[in-house]
Every structure is written in structure tokens, then in C-alpha cells.
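A structural walkthrough
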Amino acid sequence: MKNIREVRRILEFPARTKVRWQPLNDMAAMYGVKIEYESHRGLIRLLTLEGKSFREDELVTRNKAGEPVMKINDLTWHEWTELLAECADMIAEMR
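Attention in this report is confined to the structure presented alongside it. Just so it is clear, the model here is predicted, and its values are computed rather than measured.

The next thing to look at is the overall build of the protein chain. Along the protein chain, the regular secondary structure elements total 3 helices and 2 strands. The order of α-helices and β-strands along the protein chain, N terminus first, is α-α-β-β-α. Burial status across the protein chain gives 38% buried among its 95 residues. Of the contacts made within the protein chain by residues no fewer than 6 positions apart, 52% connect residues no fewer than 24 positions apart. As displayed, the protein chain has an accessible area near 6300 Å², and 52% of this comes from carbon and sulfur atoms.

Have a look at this one:
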């Protein structure tokens, strides 16, 4: 599965492609994740499609490099894909 994500990332989402809300939301739904974004507060919350929390810290506040995340475009498509895949694994473990 990880190799498939990597191939898709290279073909569909070059490193400099801007992250757009609707395609991101559609991709999140494929992973069983709902993204709530409050632009006025700079909060990104990850929930199940039913709106339930599935991890201790449901807010996305930093990327893997430790840099702050205040808007959806602060993460690349690759970072979003990896994060959503991790979330899908967490949700599957809950069931």
C-alpha cells in the first residue's frame, strides 16, 4: 500500500502543487477521515466520518519537521497522504 501511495503522490501531486480544500476533503473521505478547518482560528481537526475523535490530540498543529501548521496548505500533498493513511490505520484499530 505504501508503494502505491508513493507512485500516486509522484504522478498526481508534485511537491509544489497547492493543496486545495475540496480535493483534500475528497481524499480524506476515501481514508474514512473528516477534516474540519477553522480558518479564523487556524485549527485543523481530524475526526472519523461520523464526527468522532479517534486519537488523543485530534488537532493537527505541527508537521513531522516540527513546523507549525495553521492552514491546510502548510502540509504538502505527500504529508497529507501520509497523515490520512496513519489516521485510517488508527480508525481500523478502533473497530
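Bringing the nonpolar core into the picture now. Membership of the largest hydrophobic core comes to 22 residues, with the highest contact counts inside it found for L24, V33, I35, L46, W80 and L84. Counting residues per element, the ones that place at least two in this core are helix 2 (21-30), strand 1 (33-38), strand 2 (43-48) and helix 3 (77-94). Here this core takes 8 residues from helix 3, the largest share from any one element. If sequence neighbours within four positions are ignored, W80 has contacts with V19, L24, M27, I35, I44, L46, I72 and L75.

Rules behind the numbers
- Residues numbered from 1 in each chain as written.
- Predicted model: local features only at pLDDT ≥ 70, side-chain atom pairs only at ≥ 80, totals over all residues.
- Heavy atoms only, no water.
- Helix = DSSP H or I, 4+ residues; strand = E, 2+ residues; numbered from the N terminus.
- Buried < 20%, exposed > 50% of the residue type's maximum accessible area, 1.4 Å probe, protein only.
- Contact = heavy atoms within 4.5 Å.
- Areas by Shrake-Rupley, 256 points an atom, 1.4 Å probe, with all protein chains shown as cover.
- Core = buried A, V, L, I, M, F, W, Y, C linked by side-chain atoms within 4.5 Å.

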